[in-house]
Amino acid sequence: MNLYLRYFDRETLVTTVDEAIDFLSSIEEIEMNPLLEADIREYASSDVYYPKRYKVHPRVYFIIIKTEAQTMQDFKDKKAVHEPENIEPSSKNTPILMRLNEINDGWYEGVVDFKRVLLVPGTGKFQYRDTQFVARLKAVSGMECYDRMIDYLRDRVDTRSQFPSPKGKNFKFRYLGRAK
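Residues numbered from 1 in each chain as written. Predicted model: local features only at pLDDT ≥ 70, side-chain atom pairs only at ≥ 80, totals over all residues. Heavy atoms only, no water.

Draft legend 1. Spatial organisation of the sheet that holds strand E2 (residues 10-14). If you trace the four strands from one edge of the open sheet to the other, you get E2-E1-E4-E3, paired in antiparallel fashion. Edge positions in the sheet fall to E2 and strand E3 (52-57), since each has one partner strand and no second. On average, each strand axis in the sheet is tilted by 15° relative to the strand beside it, whichever way the strands run. Where strand E1 (residues 2-7) and E2 come together, five bridges link them in antiparallel fashion. Residue Leu 5 lies in a different strand from E2, and its bridge partner there is Thr 12. Here helix H2 (residues 34-45) sits on the sheet in contact with E1, E3 and strand E4 (60-67), set at roughly 30° to E4. (Pairing = 2+ DSSP bridges. Helix = DSSP H or I, 4+ residues; strand = E, 2+ residues; numbered from the N terminus. Axes fitted to C-alpha atoms, helices over the stretch in contact; angles between N-to-C directions. Contact = heavy atoms within 4.5 Å.)

So, in structure tokens, the structure goes:
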């Protein structure tokens, strides 16, 4: 595993942590200390593959990226990008879509966080309030659970209320079991 380091226009690709620390020590703006050195060594030896950035001054950072690239050109051409294990390329971006449309007839519990329009009694003005609605219902999929919940809410709250997308983080559901 190699390390790519960059501080503004200074960059390097090194094979050891000691070379990385030597590179950073050669930059006078970066104050190398035992804590920073220990943190860099820990990052290099960990299983974490996301880039790590370190603050030098307010709004000034240097970055370290783990890479399989053997040369700087390979790194720039992205020939040695680390792919997460046990994840199929097609399911990497849409696991919620697969679960949402999966046919599984039975009871569901759905949770929707939405913006509800409410009248403020003292002023007579309206405002948006974050509201959570939880329901247990029969459905054949997570998508039908969402549709039935939103249809129910549309008849009971102000029409200006804003409902989330079923694909977003503001809608959650879980399958409770078969309907009898």
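This is not the end of the story, as more comes after the structure.
Draft legend 2. The arrangement of the sheet that holds strand E7 (residues 171-177) in detail. In space, the three strands of this open sheet follow the order E6-E5-E7, with antiparallel pairing throughout. Pairing within the sheet leaves two strands with one partner each, and these edge strands are strand E6 (126-139) and E7. When strand polarity is set aside, the average angle formed by the axes of neighbouring strands in this sheet is 20°. Note: strand E5 (residues 106-119) against E7, six bridges, orientation antiparallel. Pairing of Gly 110 across the sheet is with Phe 173, part of E7.

Draft legend 3. Quick peek at the packing of helix H1 (residues 17-25) against H2. Two elements in contact, H1 and H2, have axes separated by 10 Å at closest approach and are oriented at 140°. Comparing the axis directions of H1 and H2 gives the class oblique. Helix-helix and strand crossings are classified by hand; for H1 and H2 the assignment is right-handed. Across from Val 17, Asp 18, Ile 21 and Leu 24 in H1, the residues of H2 making contact are Glu 37, Ile 40, Arg 41 and Ala 44. Grouping the constituent residues of the contact of H1 with H2 by class yields five nonpolar, no polar and three charged. (Parallel < 35°, antiparallel > 145°, perpendicular 65-115°, else oblique. Left-handed = near helix turned anticlockwise from the far one by under 90°. Nonpolar A, V, L, I, M, F, W, Y, C, P; charged D, E, K, R; others polar.)

Draft legend 4. Spatial organisation of the packing of aromatic side chains. All chains considered together, the criterion is met by nine aromatic pairs. Seen from their ring centres, Phe 171 and Phe 173 are 5.8 Å apart, and the 25° between their planes marks the pair as stacked. Each member of the pair, Phe 171 as well as Phe 173, carries the same accessibility label: buried. Site record: aromatic cluster; members linked through ring pairs are Tyr 108, Tyr 146, Phe 171, Phe 173 and Tyr 175. The side chain of Lys 66 reaches across the aromatic face of Tyr 43, ending 5.0 Å from its centre. In this arrangement the basic side chain of Arg 160 is found over the ring face of Phe 126, its NZ or CZ atom lying 4.4 Å from the centre. (Phe/Tyr/Trp six-rings, centres within 6.5 Å; stacked < 30°, edge-to-face > 60°. Buried < 20%, exposed > 50% of the residue type's maximum accessible area, 1.4 Å probe, protein only. Lys NZ or Arg CZ within 6 Å of the ring centre and 35° of its normal.)

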